[in-house]
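For reference, the chains in residue letters:
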Amino acid sequence: MTVQTAPEKLLPKDYATDQEVRWCPGCGDYAILKAVQKTLAEIEADPANTVFISGIGCAARFPYYMETYGFHTIHGRAPAFATGIKLANPDLDVWVVGGDGDGLSIGGNHTMHAIRRNVDITYLLFNNEIYGLTKGQYSPTSRLGTRSPSTPHGSIDSPVSALQFALGANARFVARGIDRRIDHLPGLLAKSHAHKGCSFVEIIQNCIVYNDGAFEHFTEKDVKAENQVEVEHGQPIIWGADGNKALQFDAKTFKLEVVTIGENGVTEADVLVHDEKNRLLAQMIAAMEPPHFPIAIGVLFNDPDDFSYEQAVHAQNDMVKQNAKHAGDMNALLRSGATWTVT
Amino acid sequence: MEGGTAAAQLDTGRQEMDSAVVRFAGDSGDGMQLTGSQFTQATALAGNDLATFPDFPAEIRAPVGTTFGVSAFQINFGARQIRTSGDELDVLIAMNPAALKVNLEDVRKGGLVIVDTGSFTDKNFRKAGYESDPLEDGSVDGFRVLKIDMSRLTMESVKEFGLSQKEGLRSKNMWALGLVYWLFDRDTEVTANWLKGKFAKRPDIANANIGAMMAGHAFGETAEMPEEITTHVIPPANIKPGLYRAVTGSDAMAWGLCAGSQLAGTEMLFAGYPITPASALLHALAPLKDFNITTFQAEDEIAAVCAAIGGSYAGALGITSSSGPGIALKGEAIGLAVAVELPLIIVNSQRGGPSTGLPTKTEQSDLYQAVYGRNGDTPLAVVSCSGPGDAFHAAIEACRIATKYMTPVMLLTDGYINNASEPWLIPDMADFEPFPVTYRTDPENFQPFSRDEFLARPWVKPGTPGLMHRIGGIEKDYTSGNISYDAMNHQRMTDVRRDKILNIANDIPEQAVELGNDSGKLAVLGWGSTYGPINRAVANLREDGVDVSHIHLRHIWPLPRNLGDLLGQYDQVLIPEMNDGQLITVIRSEYLIDAIPLNKVTGKPFKINEIENAVHGAIDN
Ligand code: SF4
């Protein structure tokens, strides 16, 4: 084990480097950076044992701002690097940071495989529904009709839903947060980090330069109560300015419905209770979006496996080692099988 | 040429031969590779030197009886040093008409052709593209032909074991092997023991195969053979004493990588993605977990190299492996490893290109890709191996350079080397100088891109207290490693990356002459698997008094520091390559030497006489 106990409790600022943060003023990434630093302080993460891995994009600058180990790699491949790192040293605490283009377009394949293998990483996908670093082209999460330099007449291909994709890849943990919800994000990140295995977190992030206001219909003060719902395991799914909007499951149509407690005979007992171990429910909640539904944030799914990928690999390695014929003796290996002597 | 020289008639009635070339050819389902490797074992045990050439069809299950489904295994063995799998065949075993059709042109005039007439049917003639029976229409004129209904004789020999027709016929290859064992006076015991082990759970199948082999052998002993069918004996070769084994290039490479990471004192993370002919390396390493190896089959070629780099970043020796198309995919990540200066070994089992090209055929056409094939000024070291056993030593050298210089190393092998086997004097690990790595742990004055006397930066394992730092593909400040867009800093970083690699030339042996003198009329300069034919051709020519020498490269980049001067000592330099002329471009550009090209991309190794002719062509003009 390489885990070191930090001498005294570190503060969020102790996790920040001296490097000048180079995101556009007002970018949602700043809030996420703060939330992550706050989370690390809260969970008392050992900076020496913490590694941030990123690909390419605005979000991918993240490691440079974290006073931990960090590796800014190439476009889309961060999960593959992270997999190698965890295989070589399972004790490291590895975070992957990337944007929607990085993780779902060029790197979609690696995202899928890191998730389905269940590599023990915390994957933060900053979703701003646009390519920022390359100056504003539409992305795989951009909504239909998005006008951008590469789609001047509007995009015509349907977007991917990050969380549905992750659940489809058999994710054991998916969560969603919002850059503007700094009250909610650190707690969510701590829970995500606590899950052993691949924790996949979509963080809705506003790109103030190329896609400003893309999420204002559920993030602005006046609409957020009606259009966001925080799900919590074992709790009824309720939201709204008056706290009386609720979700109901219609078993006949196999659909979710928005109902109002106190209207049409609906009582709190009729409300759907969130079960974070129910993958089907997680799929349905992940798919919800305004205007018909609120957007769900919190831990949507959390059903940890007994082993993460790298644990299983090393368990198998150890088992084979115990019964190995040559026990690492190179000379014995070279002399195994048919040999003959020339005199 | 190599192979096929008769010497004397012995009292036993057997003719003594200096060496012989035999090829087993049949349908891909006929078990020719297995037959060939058994014959190789028996021949090695008989004390001959040998070289083999397995030749598989590209399709996994090509239609039975077709020419593109033909699988062949060639072996050259002798009482003297054998350096190639042989130019011309002395004996061809053709299990069906397609095998005859594909391979007959390689049999020397007067050579022996053994055919299984049981498969010489009208239907099979058509499948092979023969209009009539080739055994009757003059196709085999000029050869000695032994026609045997092996199918029927095999069925008779396995009758007592109660197998189905289909299962019984599977022993046909063993019947043929038995006959060839008789022909060359080989011991059947090794194969019998091997069969017992392989089919330990199906003694009926083991016995049927052994029965068929013994029947084939007995047939040779007892049947009345035509007069021109002679049997042979090939005395043991005079080879260096010691303990030997047969080894294929991919096994030797796998073991060399293990040995290299042990000598470096690191764990190994080997990440690959299935591709022909590179997969054999992943297969060879996957069981060796007791050597502190973790193998990882990634989701694609890019993920494989990225995981390997991740492994190196975390302190293991990261290794990835592929063939040309896969190496192309890895290019961007290899550039990152150059930029962040982490150890990495990229093994390229070269095959015919471009694109998918000829996956099962050998070629040396990725030299440009290895030396130059990345965006930006992105130098790395390139090491190559010249034969199956040599892959072991080349792999150790790659591990040494990668860890000492904190750099990616491209390790070149090819499909031929991977699959071919040769007797190998087993090395003793005590004879290798360890090159243990040191991981930086001291926080005092730590700078991620400070350099030692070899210009290598420190290797720091994440998890080390007090050394937290960030690295990445964006240009870095010369010492701190922080992002830097400064123009002069980029110039300085480009220079130091180049110098670091070029300096390796001071840490590798000076180029020696493999065979011949260190000056003269002509040097044949080779690299990789052309070693065998070049060496034999030069030996033959020198026996005839021709002033020619053989120089063979281990280090493709940087080149040995004396190479330019050495080549300058010869009037002419000939460079045979299984590509359209790649090393020659590097040699011309580095040393302004107007070398003569000799290029071949037929998917087959050079023949000795092709090189002999080229040497004569250059010298005699
Ligand atoms: S381009 Fe957009 S996402 Fe990128 S830093 Fe600027 S505001 Fe943030």
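Residues numbered from 1 in each chain as written. Chains lettered and ligands numbered in written order. Predicted model: local features only at pLDDT ≥ 70, side-chain atom pairs only at ≥ 80, totals over all residues. Heavy atoms only, no water.

**Brief notes about the overall build of chain A**
Piece 1. Check the secondary structure of chain A and you find 11 helices and 12 strands.
Piece 2. Its C-alpha atoms put chain A at 95 × 50 × 50 Å along the principal axes.
Piece 3. Sorting the 343 residues of chain A into buried and exposed places 54% on the buried side.
Piece 4. Restricting to contacts in chain A with at least 6 residues of sequence separation, those with at least 24 account for 65%.
Piece 5. Of the accessible surface of chain A, which amounts to about 14800 Å², a share of 52% is contributed by carbon and sulfur atoms.
Piece 6. Across chain A, the centroid of the 29 positively charged side chains sits 5 Å from that of the 41 negatively charged ones. (Helix = DSSP H or I, 4+ residues; strand = E, 2+ residues; numbered from the N terminus. Buried < 20%, exposed > 50% of the residue type's maximum accessible area, 1.4 Å probe, protein only. Contact = heavy atoms within 4.5 Å. Areas by Shrake-Rupley, 256 points an atom, 1.4 Å probe, with all protein chains shown as cover. Lys, Arg positive; Asp, Glu negative; His and termini not counted. Charge placed at Lys NZ, Arg CZ, Asp CG, Glu CD.)

**Some points on the sheet that holds strand β9 (residues 242-248) of chain B**
Piece 1. Across the sheet, which stays open at both edges, the 3 strands sit in the order β12(A)-β9(B)-β16(B) with antiparallel pairing between neighbours. Two strands in the sheet have a free side with no partner beyond their single neighbour: β12 (339-342) of chain A together with β16 (421-425) of chain B. When strand polarity is set aside, the average angle formed by the axes of neighbouring strands in this sheet is 35°.
Piece 2. Where β9(B) and β16(B) come together, 5 bridges link them in antiparallel fashion. Bridge pairing in β16(B) places Thr248(B) opposite Ser421(B).
Piece 3. Running at roughly 30° to β12(A), helix α1 (residues 32-45) of chain B makes contact with β12 of chain A together with β9 and β16 of chain B of the sheet. (Pairing = 2+ DSSP bridges. Axes fitted to C-alpha atoms, helices over the stretch in contact; angles between N-to-C directions.)

**Concerning the pairing of strand β3 (residues 49-55) of chain B**
Residue and element names in this part refer to chain B.
Piece 1. Of all 7 residues that make up β3, 7 are buried, and the element is covered over most of its length.
Piece 2. Along β3, one buried face is formed by Asp49, Ala51, Phe53 and Asp55 and the opposite face, lined by Leu50, Thr52 and Pro54, is buried too.
Piece 3. Sheet topology note: the β3/strand β4 (residues 70-78) ladder contains 7 bridges and is antiparallel. Its bridge partner being in β4, Asp55 is matched across the sheet by Ala72.

**Focus: the nonpolar core**
Piece 1. Counting residues in each nonpolar core, the largest one holds 169 residues, and the members touching the most others are Leu257(B) and Phe392(B).
Piece 2. It is helix α14 (residues 390-405) of chain B that provides the largest number of residues to this core, a total of 10 residues.
Piece 3. With 51 residues, the next largest nonpolar core counts Val342(A), Ala42(B), Leu163(B) and Met174(B) among its residues. (Core = buried A, V, L, I, M, F, W, Y, C linked by side-chain atoms within 4.5 Å.)

**Here's the deal with the interface of chain A and chain B**
Piece 1. Taken together, the contact between chain A and chain B spans 60 residues of the former and 68 residues of the latter.
Piece 2. For the pairing of chain A and chain B, the buried interface totals around 5300 Å² over both sides, and the portion due to carbon and sulfur atoms is 64%.
Piece 3. Summed over the three residues of chain A that lose the most area to chain B, namely Tyr69(A), Leu334(A) and Trp340(A), the buried surface amounts to 16% of that side.
Piece 4. The interface formed by chain A and chain B contains 2 salt bridges.
Piece 5. In this structure, the salt-bridge partner of Arg117(A) is Glu299(B), at a minimum N-O distance of 2.8 Å.
Piece 6. There are 29 residue pairs in polar contact (both at pLDDT 80 or more) connecting chain A and chain B.
Piece 7. Listing elements by their share of the side of chain A that touches chain B, those giving two or more residues are β2 (69-72), α2 (78-88), α4 (108-117), α10 (309-322), α11 (330-334) and β12 of chain A.
Piece 8. Its residues assigned to classes, the side of chain A that touches chain B shows 26 nonpolar, 26 polar and 8 charged. (Buried area = accessible area lost by both parts, 1.4 Å probe. Salt bridge = Lys/Arg side-chain N within 4 Å of Asp/Glu carboxyl O. Polar contact = N/O pair within 3.5 Å; in protein donor to acceptor, adjacent residues only side chain to side chain. Nonpolar A, V, L, I, M, F, W, Y, C, P; charged D, E, K, R; others polar.)

**Side note on the environment of His314(A)**
All names here are of chain A.
Piece 1. Note that His314 resides in helix α10.
Piece 2. When its relative accessible area of 19% is taken as the criterion, His314 is described as buried.
Piece 3. In sequence terms His314 and Leu87 are 227 residues apart; their C-alpha atoms lie 8.0 Å from each other.

**So, the site of the ligand**
Piece 1. Neighbouring residues of the ligand: Trp23(A), Cys24(A), Cys27(A), Cys58(A), Asn128(A), Gly132(A), Gln205(A), Cys207(A), Ile208(A), Val209(A) and Tyr210(A).
Piece 2. Of the residues in the shell around the ligand, the class split is 8 nonpolar, 3 polar and no charged. (Near = heavy atom within 4 Å.)

**Looking at the confidence of the model for chain B**
Piece 1. Looking at chain B, pLDDT values average 94 and 98% of them are 70 or higher.
Piece 2. Quick note on the complex model: pTM equals 0.92, ipTM equals 0.97. (pLDDT = per-residue confidence, 0-100.)

**Describing α2(A)**
Piece 1. For α2(A), the buried fraction is high: 11 of the 11 residues fall into the buried class.
Piece 2. Listed in full, the buried residues belonging to α2(A) are Ala78(A), Pro79(A), Ala80(A), Phe81(A), Ala82(A), Thr83(A), Gly84(A), Ile85(A), Lys86(A), Leu87(A) and Ala88(A).

**Some points on the side chain of Glu202(A)**
Residue and element names in this part refer to chain A.
Piece 1. For Glu202, the location among the structural elements is in strand β6 (residues 199-204).
Piece 2. For Glu202, the side chain forms a polar contact with the side chain of Arg176, separated by 2.8 Å.
Piece 3. Apart from the residues lying within four places of it in its own chain, the contact partners of Glu202 are Leu125, Asn127, Ala162, Leu163, Ala175, Arg176 and Gly177.

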